[in-house]
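Notes for the structure review
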Amino acid sequence: MTSFRVKDRGRVKADRPVRFSFDGVAYEGCEGDTVASALLANGVHLMGRGFKYHRPRGPVTAGSEEPNALIGTSRGVGRFEPNTRATVQEIYQGLTTESQNKWPSLKFDVGAINDRLYMLFSAGFYYKTFMWPRSFWDKVYEPFIRRAAGLGKAPVDVDPDHYASRYLYCDVLIVGAGPSGLAAALAAAQTGVNVVVVDEHAEMGGSLLSEPSVGINGKAAWDWLEATLDELGRLPNVRLMTRTTAIGYYHQNMIALCQKLTDHLAELPTDAPRERMWRVRAKQVVLGQGAIERPLVFDGNDRPGVMLASAAQTYLNRYGVKVGNRPVILTSHDSAWYAAFDLADAGAKVGAIVDTRNDIQAALMQQAKARGIETLTGHTATATSGRLRVKSVRVNPVRGGRVGKARTIDCDALLMSGGWTPSLHLFSHTKGSLHWDAEENVYLPGQQTEECHIAGAGRGLWGIAAVLEDGVKAGTAAVRALGHSCDAVRFDVSDDRTGNGVTHKELATDRSPGRAKAFIDFQNDVTAKDIRLAVREGMRSIEHVKRYTTNGMATDQGKMSNMNGLMIASDALQKEAPQVGLTTFRPPYTPTTFGTFAGYHKGSHFELTRKTPIDSWAEEHGAAFEPVALWRRAWYFPKAGETMHMAVSRECKATRESIGIFDASTLGKIEVSGPDAVEFMNRMYTNPWTKLAPGRCRYGLLLGEDGFIRDDGVIGRMRDDLFHVTTTTGGAARVLNMMEDYLQTEWPDLKVWLTSTTEEWATIALNGPNARKLLAPLVEGVDISADAFPHMSVAECTVAGFSSRLFRISFTGELGFEVNVPARHGRALWKKLMQAGRQYDICPYGTETMHVLRAEKGYIIIGQDTDGTVTPQDAGIGWAIGKAKPDFVGKRSLSRPDIVARDRKHLVGLLTDDPKIVLEEGAQIVTDPNQPLPMKMIGHVTSSYWSEALGRSIAMALVAGGHEKMDQTLYIPMPGHTVAAKVTGTVFYDPAGERLKVE
Amino acid sequence: MLLIHCPYCDDTLPELEFAYAGEAHIARPSDPSELSDEEWRDFLFIRSNARGVHAERWRHIHGCARYFNALRDTVSDKFLRTYKAGEPRPDTSVQEAVK
Ligand SMILES: [Zn+2]
C-alpha cells in the first residue's frame, strides 16, 4: 500500500510503529497518530457512511468537531464504544476499530439506496412520511426509524471500567493550550496565583502544532512551545492537564472537565479510572478555545477526500501525513493558501488554488506562482466526482454574478475553507450575550455573566502574534481582577501567517440548486436545500429550522454546520442573521461518556441501602427482601418448597393463632422534647395531646396545611415534656423536615427540640394471643398484665436485660407489643425472643404478612391507601381529629368547600363476588361495565390481598362517594373479563376488636 | 452549581448542602379560622412566581439545618443576598439585580 507518510514532517515518532486494525484489516501507524491520521497515512479516506443517505464519508477535520469519521473501538468485553471520533482516538498496539452505518461492508452498503431516494428524505421527512396510515406505525415506521436513528451500535455488556470524580479550586482556569491560552498562562503564572491549563488534545500547543514555520522570540514555534511548556511545568503554582476537555461552564465559574486517562494506552493500568470528572471552581476563567474552520457549501462537498484545508495542514505538519498527492484548494479565506504551500513544499502536486474572491494579496499570489501552483480567483465549485474518493472538482468562473463555463480539475483531495467560526460554546453556556459582526459574518462574545476572559481566535483575532498578545491581555486581566499586578510579557513573532477572508451561503452554481447535494450538517445529512425547504414550509426561527431539518442536532452539536445553516436560513428569510437567531449551545462541549457523569455512583454505590440491626438474621434465615424507601426489608420467610403465597398464608395463620415476630425497626422515630412539647404536638398533629398521660400512647395523624393526610404513627408520651413519635418508614425525613420548618419559622418561641432517633432504636413487634405469655417473663420494671398495662400503654423498662421502651400497640388486631431497644442490642434481643418463643412456635414474618394482617383490620398505609389528596374524612378516620382544638396544621382546610364536597373519593372495602379472585392493586373501578368506551372511572383499588383468616380475598379502594355506596356492586374491568365486587366497610376481621383483649 | 451563603454559618458553600423551600415572607396566619375561604386559598396556593428578584426560603439542610431567606434573580439565577429567617426583606434596587 502506498504510504502517504512524509519523511521529517510531523510530531509522530516514525521509529515507533503501532499496529491496529480497522474493519478487520491490519494497519501500521506511528506513536502519536490518531486513527484518522494513521489511516490517511495508509491512503484510506473512506472511514464511514452518512447517517441518512449512507453516502461514503471520510474525515473532514482533524479534531473533536469531526462529524464523519465516527468509529467503534473495542478492547475486550464491555469495552466497546461507538461513535468515537477517529480524528481524536489515539492509536495503540492492538487497538481494534470498525466503521459504522454500513451493511454488509463499508465499500458496498445496501443502505446507500437511500441516496437514490434522496427526494423522499428531505427536511421534515420524519414528520411527513410517518404521519399515516396509523396502522403502519408499529410495524413499519417505528422499526425503520429506530434502525435508521441509531448512530453506531449501543454496547451491550457491563462496562468493567470505573470512573473517578474530583473537585478542584483554583485562581485562574485556562481552557485551551493554544498560543492564546499559553500566553495567558505565562502572564498569570508569574504572579504566583494558582493556574490550571487544560487542553482536550494529547499534547498542548493548539494551532502551533500545525504551524511549525512560525518563529516566536527567535525560536522555531515548536522549540518555543517545548520551552514554554517546560517552564510552566516547573512552576509549583501551575497544573497542566492534557486529554482534558472542558465540557460545561456552569454558575459562578464552575467548569466541568472530563479527563481521559486510559483510552490511549495499550496496557490498561490496574485499578486506574478510565476517566475522571473534575468539578473546578475557578476565581477567573480564560477561554482560549480558538476557532473552527467552516466548510464551503457546494454539490458533492461530502465525498471522501474533501476536507477542511486546516485539517490537511494539521495532518501534514503535526502527523506527517499528506492527505493527497494531487490536492486542489477551494477557499474564500487566505488561510487555505498556506495549506497549499505546505503541501506543495512536502512534495504534493497542487492542482490549483480556487478562490471565490477576485482580489487576493499580492504576496500570496507570488508565493503560489513561485511554487508553480495555478490560481483561479473569482471562481466557484459546482460539482465533484468520485464514489469512494474524490476524483475531480468542477469549477466555474463567476463574473458579475454570472456563472461561466465549467472546467474539471482532477484531484485526489479537495481542501476547502469557508472562513472561521470562533468557538464560543463554553461562553454560551454562561448565557453570555453574543454580538454579530456583520463585516466578518461571525458571532463574537458580548456581555459577560461570569468572571471570564476570552482570548485569541475565540474572539475573531487572526495570526499568532495577535493571538499571543491577546492571551497576555486576558491572563493579565484575570490576575488583576484578583488584585495582583504582573509584568508585561512580550512576544516577537516572525513568519506569521495572517490573513482574512469572506463567508458564503451556498456557492454559486450553473446547475439546478434543487438537485445539488450540498451538505451543511455532514453527520445528520442536512443539505442547503433542506434549510431552504424548511423556510418555505413556514419555519421562521433558527430553532425551528434546526428541529425540522435536524441541522446541528448530531453529536458534533453544530460545530461545523451552525453558521452555514444560519447564513442560508437568513438568506432564505431575507433577514439579517441576528434576527434569525442562533441555536443554543448546551453542555457537553463534546460527547461525554455516561461513566464520567456517573462517577462512583454505580452498582451498590448508586443508592445506599439501609439495613436494620436484624437484617443479617433475616438474611441468614432465607428471607426474601423488598425495598421500602431506601430500606431493604424482610418481605417473607419462605420455608423449603414454599411459594410466596404459601409462606405468607402460614405467617398470617401463625400470628393470629399463636405469635408472630416482626422487625419494625424501619419505622421513623422522632423525639419531641422540651417544656412546650405538648403545645407543639397539639399544633402539629390533628389529635389532642394535653390529656394524654405519661405512660400512654395514641395514634397520631399529621396533615399538610392543605388538609390532606401526610403521615401517621403511634406516639407515646414518655414524660410530660417528652414524646416518642413514630412515623411511616418512608416518611421519617419528611415529617422531621416539616416539624423543623414550623418550629424554626412559624413558632420560634416554642421551647422544643427535635431529634431523629430512627436509627437509635431497634423495634421488634410481637403479635398474637401468646404475645404476653412470651414477653412477661422477660420484662423487668413494669407489670404488663392486661389491667396494669392496657392497650395503648408505654413504659420504660428492661426486656431480656436490655433497657427498653415497651409499647402495647397492635397493627394486626391481635394482642401486640413493640419493644424498642438500643439498636446495638436489636439482633441479640431478636434471638432471645425467638428462643423464648419456641414453645409457642413463634413465627417470624415479613412486610407482606404485616400488610395482609393490617388490611384485614382496615388499617391504612399512607402512600398506598392515600395519595396526597385524601382527607381524614375521606379515609374514614375523622375520629382522629381533635375537634375542640382551636387550630392545628391543616385544620382550616378541612372546612374548605372542595374538602367538604359530597362526591369526594372515600376509602371503602371491596369484597369480590367470587371470593377466590384477588383484585389487582391499581385497577380502575366503574359503576356500569357495559357503558361505551372510554368508561367513566370512579376510583381504584388501593390494597388487595388473599386473607387466610377469612378464607377469601379482601380489598380496599378509593371510590367517589364511596361512603354512600355501601352494599352496592361495582365493577373492575380487566383485560378479557370484568370482576364484580361489593362495597363494604374497611374492617374485615374482628370488627369488635375482641382479640386485643386477651388476658 | 450555585454557591450559597448561609447567614447562620456565615460561610459560602455549594448548593448541594442546601434545599429550596418555597417563597419567603408568607407567614402562617395566627388564627386561620378568621380567614375567608378565598384568603385561606391564597395563603395555601397563590405565589408571586416572580421574573426577576424573588424572595425565597432555603435550608442549610446538610449543614446547620437552619431555614433562612434569600433574594435570588430568577432570570440570571444569581443570589443577591441571604438573610436570617425573621429579618425583613432587604431593599434591593433593580440595578443590583441586573448586576
Ligand atoms: Zn448553615
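Residues numbered from 1 in each chain as written. Chains lettered and ligands numbered in written order. Predicted model: local features only at pLDDT ≥ 70, side-chain atom pairs only at ≥ 80, totals over all residues. Heavy atoms only, no water.

Looking only at helices and strands, chain B has two helices and six strands in total. When its helices and strands are written in sequence order, chain B yields β-β-β-α-β-β-β-α. Here the C-alpha coordinates of chain B stretch approximately 40 × 30 × 20 Å along the principal axes. Here the contacts in chain B between residues at least 6 apart in sequence split such that 44% fall between residues at least 24 apart. Carbon and sulfur atoms make up 49% of the accessible area of chain B, which amounts to about 5600 Å² in all. In chain B, the 13 positive side-chain charges and the 17 negative ones have mean positions that sit 4 Å from each other. (Helix = DSSP H or I, 4+ residues; strand = E, 2+ residues; numbered from the N terminus. Contact = heavy atoms within 4.5 Å. Areas by Shrake-Rupley, 256 points an atom, 1.4 Å probe, with all protein chains shown as cover. Lys, Arg positive; Asp, Glu negative; His and termini not counted. Charge placed at Lys NZ, Arg CZ, Asp CG, Glu CD.)

Before going further, it helps to examine the overall build of chain A. A count of helical and extended segments in chain A gives 23 helices and 52 strands. In terms of overall dimensions, chain A has a C-alpha envelope of 115 × 70 × 55 Å along the principal axes. Within the span of chain A, comprising 999 residues, buried residues form 59% of the whole. Long-range contacts, defined as pairs at least 24 residues apart, comprise 67% of the intrachain contacts of chain A with a sequence gap of at least 6. Element-wise, carbon and sulfur atoms account for 52% of the exposed surface of chain A, whose accessible area totals about 41200 Å². Of the side chains in chain A, 115 bear a positive and 113 a negative charge, and the two mean positions are spaced by 4 Å. (Buried < 20%, exposed > 50% of the residue type's maximum accessible area, 1.4 Å probe, protein only.)

What follows is about the interface of chain B and chain A. Listed per partner, the contact involves 26 residues of chain B and 26 residues of chain A. Summing both sides of the interface, chain B and chain A together bury roughly 2200 Å²; the carbon and sulfur share of this comes to 47%. Taken together, the connections running from chain B to chain A amount to four salt bridges. For Asp887 of chain A, the salt bridge is made with Arg28 of chain B, and the minimal N-O distance between the two is 2.8 Å. Scanning the region where chain B abuts chain A turns up 17 residue pairs in polar contact (both at pLDDT 80 or more). (Buried area = accessible area lost by both parts, 1.4 Å probe. Salt bridge = Lys/Arg side-chain N within 4 Å of Asp/Glu carboxyl O. Polar contact = N/O pair within 3.5 Å; in protein donor to acceptor, adjacent residues only side chain to side chain.)

This part takes up the side chain of Ser947 of chain A. Residues and elements named next belong to chain A. If you trace the backbone, Ser947 turns up in strand E49 (residues 939-947). When its relative accessible area of 0% is taken as the criterion, Ser947 is described as buried. Looking at Ser947, its side chain comes within polar contact range of the side chain of Glu856, at 2.6 Å. Those residues in contact with Ser947, other than ones at most four positions away along the chain, are Glu856, Arg952, Ser953 and Ile954.

Before going further, it helps to spend a moment on the pattern of salt bridges. Summed over all chains, the structure comprises 54 salt bridges over all chains. The structure contains a network of salt bridges with shared partners spanning Glu81, Lys260, Asp263, Arg274 and Glu275 of chain A.

By definition, the strands of a sheet pair up through backbone hydrogen bonds, in either a parallel or an antiparallel sense. All names here are of chain A. The three strands lie next to each other as E11-E10-E30, forming an open sheet whose pairing is antiparallel. The outermost strands of the open sheet, each flanked by one partner alone, are strand E11 (219-220) and strand E30 (493-494). Across two bridges, the pairing between strand E10 (residues 215-216) and E11 is antiparallel. Each residue of the ladder has a partner; that of Ile216, found in E11, is Lys219. (Pairing = 2+ DSSP bridges.)

Next up on the list: helix H1 (residues 37-45) of chain B. Among the residues of H1 of chain B, Trp40, Phe43 and Leu44 of chain B are the ones counted as buried. For H1 of chain B, the arc enclosing every buried residue in end-on projection is 95°, short of the 170-degree limit, so these residues lie on one face. (Arc of directions from axis to C-beta.)

Residues and elements named next belong to chain B. Donor atoms from the polypeptide that coordinate the zinc ion comprise Cys6 (SG), Cys9 (SG), His60 (ND1) and Cys64 (SG), at 2.0 to 2.3 Å from the metal. Around the zinc ion, the four donor atoms sit at angles spanning 106 to 115°, and that spread fits a shape best called tetrahedral. All donor residues of the zinc ion come from one chain, and their arrangement in sequence is C-x2-C-x50-H-x3-C. Residue classification places His60 among the buried residues on the basis of a relative accessible area of 2%. Judged by its relative accessible area of 29%, Cys64 is partly exposed. (Donors = N, O, S within 2.8 Å, 3.2 Å for Na, K, Ca; no water. Tetrahedral: all angles 85-135°; square planar, octahedral: opposite > 155°, others 65-115°.)

With the rule as written, the count across this model stands at 23 aromatic pairs over all chains. Here the aromatic rings of Phe789 of chain A and Phe817 of chain A are separated by 6.4 Å at their centres, their planes lie at 5°, and the arrangement is stacked. On the criterion of sequence distance, the pair formed by Phe789 of chain A in the loop between strand E42 (779-780) and strand E43 (793-799) and Phe817 of chain A in strand E45 (residues 816-822) is long-range, its members being 28 residues apart. Both residues of the pair, Phe789 of chain A and Phe817 of chain A, belong to the buried class. With 5.8 Å between their ring centres and 90° between their planes, Phe18 of chain B and Phe68 of chain B make a pair best called edge-to-face. (Phe/Tyr/Trp six-rings, centres within 6.5 Å; stacked < 30°, edge-to-face > 60°.)

Our next topic: the side chain of Thr476 of chain A. Tracing the chain through its elements places Thr476 of chain A in helix H11 (residues 464-481). The residues contacting Thr476 of chain A, other than those within four sequence positions of it, are Ala187 and Cys486 of chain A.

Next up on the list: the environment of Pro973 of chain A. Residues and elements named next belong to chain A. Tracing the backbone through its elements, the reader meets Pro973 in strand E51 (residues 969-974). The exposure class of Pro973 is partly exposed, given its relative accessible area of 29%. The spacing of Pro973 and Ala923 is 50 residues in sequence and 8.0 Å in space, taken between C-alpha atoms. Look past the residues within four positions of Pro973 in its chain and what remains in contact with it is Gln924, Val926, Met935 and Thr978.

Below, the discussion takes up the nonpolar core. All names here are of chain A. By size, the foremost hydrophobic cluster in this structure holds 78 residues, and its most contacted members are Phe298, Met307, Tyr315, Phe341 and Leu415. Tallying contributions element by element places helix H8 (residues 335-345) first for this core, with eight residues. Those residues in contact with Met307 that sit more than four places away from it in its chain are Leu40, His45, Pro59, Val60, Ala312, Tyr315, Val323, Leu414, Leu415 and Met416. (Core = buried A, V, L, I, M, F, W, Y, C linked by side-chain atoms within 4.5 Å.)

Residues and elements named next belong to chain A. Evaluated as defined, the whole model comprises six cavities of 30 Å³ or more. Computed from the structure, the second largest cavity encloses a volume of approximately 140 Å³. Every residue lining the second largest cavity is counted, 14 residues in all, and those nearest its centre are Thr421, Pro422, His425, Met563 and Phe585. Mapped onto the lining of the second largest cavity, the elements with two or more residues apiece are strand E26 (420-422) and helix H14 (562-573). By residue class, the composition of the lining of the second largest cavity is eight nonpolar, five polar and one charged. (1 Å grid on protein atoms, 1.4 Å probe; cavity = no way out; pocket = protein on both sides within 12 Å on 5 of 7 lines; lining within 4 Å. Points joined across faces, edges and corners; volume = space filled by probe spheres on them. Nonpolar A, V, L, I, M, F, W, Y, C, P; charged D, E, K, R; others polar.)

Glancing now at the confidence of the model for chain B. Confidence along chain B averages 92 in pLDDT terms, with 93% of residues attaining 70 or more. Both confidence scores are given for the complex: pTM 0.89, ipTM 0.96. (pLDDT = per-residue confidence, 0-100.)

Turning next to helix H20 (residues 732-746) of chain A. In this model, H20 of chain A (15 residues) spans 21 Å end to end at C-alpha, consistent with the 21 Å of a helix rising 1.5 Å per residue. Taken together, the buried positions of H20 of chain A are occupied by Ala732, Val735, Leu736, Met738, Met739, Glu740, Asp741, Tyr742, Leu743 and Gln744 of chain A. (Expected span 1.5 Å × (residues − 1).)

A separate point is the environment of Thr729 of chain A. All names here are of chain A. Within the secondary structure, Thr729 sits in the loop between strand E39 (722-727) and H20. For Thr729, a relative accessible area of 13% corresponds to the buried category. Remark: the alpha-carbon pair of Thr729 and Ser37, spanning 692 residues in sequence, is separated by 60 Å. Those residues in contact with Thr729 that lie beyond four places of it in its chain are Val628, Trp631, Arg633, Thr666, Leu667 and Gly668.

By the secondary structure assignment, Gly400 of chain A is in the loop between strand E22 (392-399) and strand E23 (402-403). When the C-alpha positions of Gly400 of chain A and Leu316 of chain A are compared, they lie 37 Å apart, and in sequence the two are 84 residues distant.

Residues and elements named next belong to chain A. Counting buried positions along strand E5 (residues 70-74) yields four of five residues, so the element is predominantly enclosed. Between the end of E5 and the start of strand E6 (residues 80-85), which pair antiparallel, lie five residues, with Gly76 showing a positive phi angle near 95°. Pairing geometry for E5 and strand E7 (residues 95-99), over four bridges, is antiparallel. Looking across to E7, one finds that Ile71 is bridged to Ser99.

Among the surface-exposed residues, Tyr167 and Tyr169 of chain A together with Leu16 of chain B lie close enough to one another that they form a single nonpolar patch of about 360 Å² accessible area. Among the residues examined, Tyr167 of chain A registers a relative accessible area of 40% and is labelled partly exposed. (Patch = residues over 30% accessible without salt bridge, like charges linked within 9 Å, V, L, I, M, F, W, Y side chains within 5 Å.)

Attention shifts here to the sheet that holds strand E41 (residues 761-767) of chain A. Residue and element names in this part refer to chain A. The seven strands lie next to each other as E42-E43-E44-E45-E41-E35-E46, forming an open sheet whose pairing is mixed. Here the strands that pair on one side only, and so sit at the sheet edges, are E42 and strand E46 (843-845). In this sheet, E45 lies alongside E41 in antiparallel orientation, the contact comprising seven bridges. Bridge pairing in E45 links Leu766 to Phe817. In the packing of helix H18 (residues 644-657) onto the sheet, the strands contacted are strand E35 (660-663), E41 and E46, and the crossing angle to E46 comes to about 125°. (Axes fitted to C-alpha atoms, helices over the stretch in contact; angles between N-to-C directions.)

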